[in-house]
Amino acid sequence: MSMPETAATPPATGAVREITFGQAIREALAEEMRRDPRVFIIGEDVAEAGTPFKVLSGLVEEFGRERVIDSPISEAGITGLATGAAMTGMRPVVDIMFGDFLTLAMDQIANQAAKVHYMSGGKLKVPLVVRTTLGATRRSAAQHSQSLHAWVSHVPGLKVALPSTPYDAKGLLKSAIRDDSPVVFFEDKMMYTMRGGVPAEEYTIPLGVAEVKRPGGDITIVATSSMVHVALAAAEALAAEGISAEVVDPRTTMPLDTETIIESARKTGRAMVVDEGYERYGVTAEIAAVIAEGAFQYLDAPVRRLGAMHVPIPFSPVLEDLTVPTPETVAATARALCGRA
Amino acid sequence: MAKARGSRVQRPTPAREHEVLASVPRDQWLAVYTQMLTIRVFEEHVHDLWRRGKMPGLAHLYIGQEAVAVGVCQALRPDDYITSTHRGHGHCLAKGAAADRMFAELLGKAAGYCRGKGGSMHIADPETGNLGANAIVAGSAGIATGAALSAKMRGSAQVAACFFGEGALGQGVLYEAMNMAALWKLPVIYVCENNLYNEYTHYAETTAGEMAARSAAFAISTTEVDGQDVRAVYAAAHAAVQRARQGGGPTFLLCHTYRFHGHHVGDVDRSYYRSKEEEQQWRSGRDPLRILADWLRAQGTAQPDDFERIERSVRALVEAAVQFALSAPYPEASEVHQDVYA
Ligand SMILES: Cc1ncc(C[n+]2csc(CCOP(=O)(O)OP(=O)(O)O)c2C)c(N)n1
């Protein structure tokens, strides 16, 4: 995937390098581990292997096996251990190889890490990051392709980030590691090799601040993670037809920057939401409701949403490709909303 | 190779093993050899299809471990159950799946066992008792144990064999399931294939204590075998199946083995986690096909031209299966909505 120029332009000052999404993640981790000796990584094949996606390559060489810990295949166990370590002075970053395996760690995430701070009357903190992946179309079938960020966004106490560019990935991950609440951080595994500009000098991006990835006046397309690029491609096609689409990337679903989203919808008068999670009961529904509540009087059409089809993700490429939004389906929906179908 | 400690960890007694093995007609070992070779050649073609860009996604090859699947499945009835793993092609074939429909599944075609919806890691074939391969490590521990519970409740005398790699020993659900299997004397056989590596990490770095001590702690009958010797695997599996059918409860069968290829087809540079020498030692000295072939030759059961004949027919069958799959149609788009709910 090439980086559209309009997406996540880094600040103009200082040197900017083109690096991959995977490198941006690695840089964020390395910088935070240098900065704070309490930060450590735990997960399956994170050390010498650097994960199956090679995202962590080189970290064990710099930080050693004490801080880049290869674990058994024990998602529940490592997330539980990390929660306990976080409650007692460390700042763990757990690596859950595929987002689908969050289910194995779910009690630790949703019943333990998420609730400790509140249940203890604010006395205990869980500065924990769970890094994991989302995204289909890798031909990995139903247990390795899901985008389950809605599951964790649903649980009070968890913050949830899902960056769409190398720039956002680095800045958001650094903030996530510094945050005193548990953060689940989703990386699209199809995006690891995508390149983009990242400043050489240090920066962070606060959790809860959306970014307009492409300004426009006719329709708002709120899109997350991989779907930002799908939306940008659709916006490009729509521009050629005289429809000016504004692409808004919330960057985090919790906290959610409702202000930026509502403001855009009020301005354009039409809105749709695109996300790779299952469409039913998902992130798209939540954001659509936010828009409906905040911009109802300004809207010329009902809010539309596009998510993954309500089916387990099939293996066969001819079927899998039907299950996720594409630039074509996004553009078609936008056209219909603009009365141009 | 890890040796089990503790009095409850058994090797099959030589006399008993001898008796079981002696009861197998010589010709049957030729059939066993044919099955193992079919798996080997099947996997070679999978590798080839992937390298030629004909197979979507990845696959985890079973080459080197053939004796485990075939040895265990030889001891099962057609209506007995198995559950399999991400490295599952060998289990599926050994339980009776047809190569052509398997290849069709691997290529995402409608003629595949799962109509193209499952792919390499999810082949299920209820007609041969295969309740499905599973891409979640230890994901089928509950399913296999539940099938055993069901068999017991229905009084069917079926047993269930649950295949998993030693990496699954990291997952809690396995211990929950084993505890219940032992408590309720369920007819399930936990087949742990210790091929030394959890992906790219040696088991010694992820597995405390002795593997066999885990099941022994639940008082589950535990047997350790050379997973490269199909006759030894068969003898142990046969004993476990008999015990299970007679109401004697579960067995933990720990098979020491090795995968000759990478964790998956894309795992080409392996030097950072295991040496070429180690791979070479297993390939040349511990090849399950050669071990059986040597025995067959020494027994005078097979002559060189028998092996050539078998190889020719296996290759012809597998090649035809590949051709079938390559020319088979993809599913219709409308199928994407089918079978979400029963
Ligand atoms: C719950 C879960 N965690 C992680 C993975 C990723 N993964 C796939 S195979 C594998 C290693 C499995 O090792 P083992 O069980 O020994 O089987 P082998 O690959 O050696 O056959 C891992 C970690 C997974 N599929 N499921």
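Residues numbered from 1 in each chain as written. Chains lettered and ligands numbered in written order. Predicted model: local features only at pLDDT ≥ 70, side-chain atom pairs only at ≥ 80, totals over all residues. Heavy atoms only, no water.

Enquirer: Would you take a moment to explain the sheet that holds strand β12 (residues 252-254) of chain A for this structure?
Expert: The strands that make up a sheet are held in pairs by hydrogen bonds between backbone atoms, and each pair lies either parallel or antiparallel. Residues and elements named next belong to chain A. Taken together, the seven strands give an open sheet; going across it, the order is β3-β2-β4-β5-β7-β6-β12, and neighbouring strands pair in mixed fashion. Looking at strand neighbours, the two that pair on one side only are β3 (68-70) and β12, the edges of this open sheet. Neighbour to neighbour, the strand axes of the sheet diverge by 20° on average, direction disregarded. Pairing between strand β2 (residues 39-43) and β3: three bridges, direction parallel. Paired with Ile-42 across the two strands is Ile-69, which belongs to β3. Along the sheet face, helix α4 (residues 102-119) touches β4 (91-96), β5 (129-134) and β7 (183-188) and points at about 155° away from the line of β5. (Pairing = 2+ DSSP bridges. Helix = DSSP H or I, 4+ residues; strand = E, 2+ residues; numbered from the N terminus. Axes fitted to C-alpha atoms, helices over the stretch in contact; angles between N-to-C directions. Contact = heavy atoms within 4.5 Å.)

Enquirer: How should the site of the ligand be read in this particular structure?
Expert: Neighbouring the ligand are 22 residues, the closest being Glu-75 of chain A together with His-86, Arg-87, Ala-135 and Gly-167 of chain B. Residues near the ligand are shared among chains A and B, making this a multi-chain site. The contact in question runs from an oxygen atom of the ligand to an N or O atom on the side chain of His-86 of chain B, over 2.7 Å. Between the ligand and Arg-87 of chain B, the relevant distance is 2.7 Å, taken from an oxygen atom to a side-chain nitrogen or oxygen of the residue. Contact with the protein chains covers 97% of the free accessible surface of the ligand, which is 580 Å². When its residues are assigned to classes, the shell around the ligand shows nine nonpolar, eight polar and five charged. (Near = heavy atom within 4 Å. Polar contact = N/O pair within 3.5 Å; in protein donor to acceptor, adjacent residues only side chain to side chain. Areas by Shrake-Rupley, 256 points an atom, 1.4 Å probe, with all protein chains shown as cover. Nonpolar A, V, L, I, M, F, W, Y, C, P; charged D, E, K, R; others polar.)

Enquirer: Honestly, a nonpolar patch on the surface in this entry has me stumped. Any pointers?
Expert: Residues and elements named next belong to chain B. Side chains of Leu-149, Met-153, Met-180, Leu-183 and Trp-184 sit close together on the surface and give an oily, nonpolar patch of about 530 Å² of accessible area. Elements supplying a minimum of two residues to the nonpolar patch: α6 (141-154) and α7 (172-183). Tracing the sequence through the fold places Trp-184 in the loop between α7 and β4 (188-194). (Patch = residues over 30% accessible without salt bridge, like charges linked within 9 Å, V, L, I, M, F, W, Y side chains within 5 Å. Salt bridge = Lys/Arg side-chain N within 4 Å of Asp/Glu carboxyl O.)

Enquirer: Could you clarify how one ought to interpret the interface of chain A and chain B in this entry?
Expert: A common way to state how big an interface is: give the accessible area lost once the parts meet. Residue-level contacts link 35 residues of chain A with 35 residues of chain B. Carbon and sulfur atoms supply 64% of the area that chain A and chain B bury against each other, a total of about 2600 Å² over both sides. In this structure, Glu-205 of chain B and Arg-65 of chain A form a salt bridge, with 3.0 Å as the shortest nitrogen-oxygen distance. On the surface where chain A and chain B come into contact, there are 13 residue pairs in polar contact (both at pLDDT 80 or more). The leading source of residues in the side of chain A that touches chain B is helix α10 (residues 317-320) of chain A, at three residues. (Buried area = accessible area lost by both parts, 1.4 Å probe.)

Enquirer: Is there a simple way to think about the nonpolar core in this case?
Expert: Nonpolar side chains in soluble globular proteins tend to end up buried together. In terms of nonpolar packing, the biggest core is built from 71 residues, with Trp-29, Tyr-33, Val-72, Phe-103 and Leu-296 of chain B touching the most fellow members. Top element by residues in this core is helix α2 (residues 26-51) of chain B. It accounts for 11 residues. Apart from residues lying up to four places away in sequence, Trp-29 of chain B is in contact with Leu-21, Val-24, Val-230, Arg-231, Tyr-234, Leu-292, Trp-295 and Leu-296 of chain B. Formed by 68 residues, the second largest nonpolar core is a distinct cluster that contains Ile-19, Ile-25, Met-33 and Val-184 of chain A. (Core = buried A, V, L, I, M, F, W, Y, C linked by side-chain atoms within 4.5 Å. Buried < 20%, exposed > 50% of the residue type's maximum accessible area, 1.4 Å probe, protein only.)

Enquirer: Explain the domain arrangement of chain A to me, please; I cannot follow it from the model alone.
Expert: Residues and elements named next belong to chain A. Taken domain by domain, chain A comprises domain 1 (19-199) and domain 2 (211-335). The distance between the C-alpha centroids of domain 1 and domain 2 comes to 26 Å. Counting residues at the interface gives 28 residues for domain 1 and 26 residues for domain 2. The contact between domain 1 and domain 2 buries some 2200 Å² in all, and 57% of this surface belongs to carbon and sulfur atoms. Seen at the junction of domain 1 and domain 2, the total is four salt bridges. Between Arg-251 and Asp-168 there is a salt bridge, with the nearest N and O atoms lying 2.9 Å from each other. Viewed at the interface, domain 2 and domain 1 are joined by 16 residue pairs in polar contact (both at pLDDT 80 or more). Counting only elements with at least two residues in the side of domain 1 that touches domain 2, the list comes to α5 (149-153), β6 (159-161) and α6 (166-178). Class assignment of the residues belonging to the side of domain 1 that touches domain 2 gives a composition of 14 nonpolar, nine polar and five charged. (Domains from an automatic or database assignment.)

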